[in-house]
Amino acid sequence: MQLVYTAAQSRDYDKYLIEEIGIPSPVLMENAARGALNAMGDWLAALGESEIVIICGTGNNGGDGMALARLLVEQSHNVTVFLAGDASKLSVDAKVQYDILSKLIDPDEIYTFEKAEDIIEIVDGVDVIVDALLGTGSNGIPRGMIAEGIKAIHMLKEALDARVIALDIPSGFDADHGAFEADESSQFIVRADRTVAMGAPKIGFYQADSKVFTGDVFVAPLGAETSFSDDSTGHAYLMSARDATNGIRTFRYTSSKMDRGRMLSICGSKGMTGAAIMSASAALRTGCGLVTVAISESERHIVAQAMPELMTQGLNAETNGSPDLPAWDELQGEFKRADAVLIGCGLPVILGTTGLILRIISQVEKPMVIDAGALSALQGHLDIIKNRKAPTILTPHIGELARLVDRPWQEVDRERLAFGRHVAMTYGCIVVVKGEPVQTIGSDGAAYINTTGNVGLATGGTGDVLAGMIVSLLAQTPDAPLEAVRTGAYLHGLAGDFAAAEKTTHGMTATDVITHLPNAFKSLGFK
């Protein structure tokens, strides 16, 4: 899996490469520059002889920029370098790169600047702007010449339609927390078309509105395999197609439907039968052998008619068609037969139903996915999760997560990963924080960031589809719950990408995601 670093972990990795592996810092800069050059390769090939402006700070990020300038000069591109401040303020390693570059181009052509206008006056035309002002060692809102350099990048990009590539992180960007476009401070962050992360992507790239600032993310290898130090906390990883493939169970040709898992869905109520139908349909399309939907007797016929492959169990219900506490006895046989349970999609938060939900969660020791109404029922009762022996998966969106931790949603939205980790580690469960991107967090705090999906998934019912997919994989591989959950998230996004390709992100619906699940499996090599 691709590791994802915090700013501190990035610094630890650099230290490890220098002190443990023995790679000198100037060599790391050379590796970073070559990685950046590779990330620009298609741009440069399309442009031919290019006009490139590199705007450098005086720290090691600026050193990366000057090393890149040298490589570009070797390829006969027209390179103009700007330095934020006097060369005497360069870091030791950046000074090495400056001295080398000064022997290849006229030192007078390495311009210093104090104001954005100093840059604008010199640049007549530019194809690519390289942001090498600040790296992960910076924090706070940029000031002075750095802020002026960022301003110049914005002005040149807008006026000359130039492409922008950032080295390691966009300058002004918070490597740990990302950035929100609506914040006033966002004007002091470079908006890159591409970002070349050195060694590993940064966790902030996958928070808030960060994609607006990072653009497409590339990774430049620095000379040794990335790793976490033993004392690292808060590990994070990017999911890949290979990771997802490893999480999908294959069955022998002699397998029966009983071998492929049996799941029980306690979902749906009057006016919300669609949630039960979509989650159950998604479970079947994800490979589950048998799916039973337990729903109020009054709504049962709707589910039964929707998909003949589904089995149904009628339940005692409230007057609004939502299952009530007496349904507990009616469910005992289904609990015994099920390999995994889904509860909550399309269930309202009313007294009798809430009582049934809490009893099921606390007393049924089967792997369980808790979604929607069942998450709302857990508000103020999360301690019952701690006592469960079977795997427990919570699938909240931001509003539901905010209710679980009793904090304003705006606060939770800014720290989705931190709050998700808090719940997962405190209550010993797996938490799937829905949003862009989906983040799966294990009970040890390790986070798995999904890399599939699109804005078309922001439509009613896709959460029900995701819950059904996860419980399906859980029923098939109950001994590997974390793999089942993160694979479900990946497949969900992948099917959503196929749906968007056919229907567009405007025209796709939740059922289109279900329809395209076979294409998702095919693309991963399954027949």
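Residues numbered from 1 in each chain as written. Predicted model: local features only at pLDDT ≥ 70, side-chain atom pairs only at ≥ 80, totals over all residues. Heavy atoms only, no water.

A.B. asks: Outline the environment of isoleucine 146, supporting the account with residue identities and numerical values.
C.D. replies: Within the element layout of this structure, isoleucine 146 appears in helix 7 (residues 144–160). Take isoleucine 146: its relative accessible area is 17%, and that puts it in the buried class. C-alpha of isoleucine 146 to C-alpha of leucine 83: the two residues are 63 residues apart in sequence and 9.6 Å apart in space. The contact partners of isoleucine 146, leaving out residues within four places of it in the chain, are Gly57, Ala84, Leu133 and Leu134. (Helix = DSSP H or I, 4+ residues; strand = E, 2+ residues; numbered from the N terminus. Buried < 20%, exposed > 50% of the residue type's maximum accessible area, 1.4 Å probe, protein only. Contact = heavy atoms within 4.5 Å.)

A.B. asks: Can you break down the sheet that holds strand 13 (residues 340–343) residue by residue, with the values?
C.D. replies: Read across the open sheet, the 11 strands follow the order 1-9-18-17-16-15-14-13-10-11-12; overall the sheet is mixed. Only two strands of the sheet have a single partner each, and these edge strands are strand 1 (2–4) and strand 12 (311–315). Direction aside, neighbouring strands of the sheet carry axes that sit 20° apart on average. Pairing of strand 1 with strand 9 (residues 236–238) involves 3 bridges; the strand directions are antiparallel. Among the inter-strand pairings, glutamine 2 is bridged to a residue of strand 9, identified as leucine 238. Most of the contacts of helix 20 (residues 462–476) go to strand 13, to which it runs at about 165°, and overall it touches strand 10 (262–266), strand 13, strand 14 (368–370), strand 15 (392–394) and strand 16 (430–433). (Pairing = 2+ DSSP bridges. Axes fitted to C-alpha atoms, helices over the stretch in contact; angles between N-to-C directions.)

A.B. asks: So, the pattern of salt bridges: which residues are in play, and what are the values?
C.D. replies: Oppositely charged side chains can pair when the atoms bearing their charge come close. Counted according to the given criterion, the structure contains 15 salt bridges. Here arginine 34 makes a salt bridge to glutamate 30, at a shortest N to O gap of 3.2 Å. Note that arginine 34 and glutamate 30 are positioned in helix 2 (residues 25–39) at a spacing of 4 residues, about one turn of the helix. The exposure class of glutamate 30 is buried, given its relative accessible area of 17%. With a closest N to O distance of 3.2 Å, lysine 434 and aspartate 371 form a salt bridge. (Salt bridge = Lys/Arg side-chain N within 4 Å of Asp/Glu carboxyl O.)

A.B. asks: Residue-level account of the packing of helix 2 against helix 5 (residues 92–104), with values.
C.D. replies: Two numbers describe how helix 2 lies on helix 5: the axes approach to 9 Å, and their chain directions differ by 60°. For the pair helix 2 and helix 5, the crossing hand works out as right-handed. Contacts from Ser25, Pro26 and Met29 of helix 2 reach helix 5 at Asp93, Ala94 and Gln97. Within the contact of helix 2 with helix 5, the residues separate by chemical class into 3 nonpolar, 2 polar and 1 charged. (Left-handed = near helix turned anticlockwise from the far one by under 90°. Nonpolar A, V, L, I, M, F, W, Y, C, P; charged D, E, K, R; others polar.)

A.B. asks: Before we move on, can you summarise the side chain of serine 171 with the specific residues and values?
C.D. replies: Its location among the elements puts serine 171 in the loop between strand 6 (163–167) and strand 7 (194–198). Assessed through its relative accessible area of 0%, serine 171 is described here as buried. Residues within four places of serine 171 in sequence aside, it is in contact with Asp131, Leu133, Leu134, Ile150, Phe188, Ile189 and Val190.

A.B. asks: Account for the sheet that holds strand 7, naming residues and giving values.
C.D. replies: Spatial strand order, 4-3-2-5-6-7-8: 7 strands in an open sheet with parallel pairing. This sheet does not close on itself; its edge strands, each paired only once, are strand 4 (110–112) and strand 8 (216–220). Each strand axis lies, on average, 20° off the axis of its neighbour in the sheet, ignoring direction. Bridge count for strand 2 (residues 51–56) against strand 5 (residues 128–132) is 5 bridges, and the pairing is parallel. By the bridge assignment for strand 5, isoleucine 55 is matched with aspartate 131.

A.B. asks: So, the packing of helix 10 (residues 273–285) against helix 11 (residues 297–306): which residues are in play, and what are the values?
C.D. replies: With their axes 10 Å apart at the nearest point, helix 10 and helix 11 run at an angle of 35° to one another. Viewed along their axes, helix 10 and helix 11 form a crossing whose handedness is right-handed. Packed against helix 10, whose contacting residues are Thr273, Ala276 and Ile277, the element helix 11 presents Glu299, Ile302, Val303 and Ala306 at the interface.

A.B. asks: Tell me about helix 5, and name the residues and values.
C.D. replies: The periodicity of an α-helix, 3.6 residues per turn, causes residues three or four positions apart to be oriented the same way. In this model helix 5 runs 19 Å from its N-terminal to its C-terminal C-alpha over 13 residues, within 8% of the 18 Å that 1.5 Å per residue would give. Of the residues making up helix 5, those classed as buried are Asp93, Ala94, Gln97, Tyr98, Leu101 and Ser102. (Expected span 1.5 Å × (residues − 1).)

A.B. asks: Which residues make up helix 10, and what values do they have?
C.D. replies: Its 13 residues place the ends of helix 10 18 Å apart at the C-alpha level, agreeing with the 18 Å of an ideal helix rising 1.5 Å per residue. Judged by how many residues are buried, helix 10 sits mostly within the fold: 10 of 13 residues are covered. Turning to helix 10, its buried residues are Thr273, Ala275, Ala276, Ile277, Met278, Ser279, Ala280, Ser281, Ala282 and Ala283. With its phi angle positive at about 110°, glycine 287 sits one or two positions after the end of helix 10.

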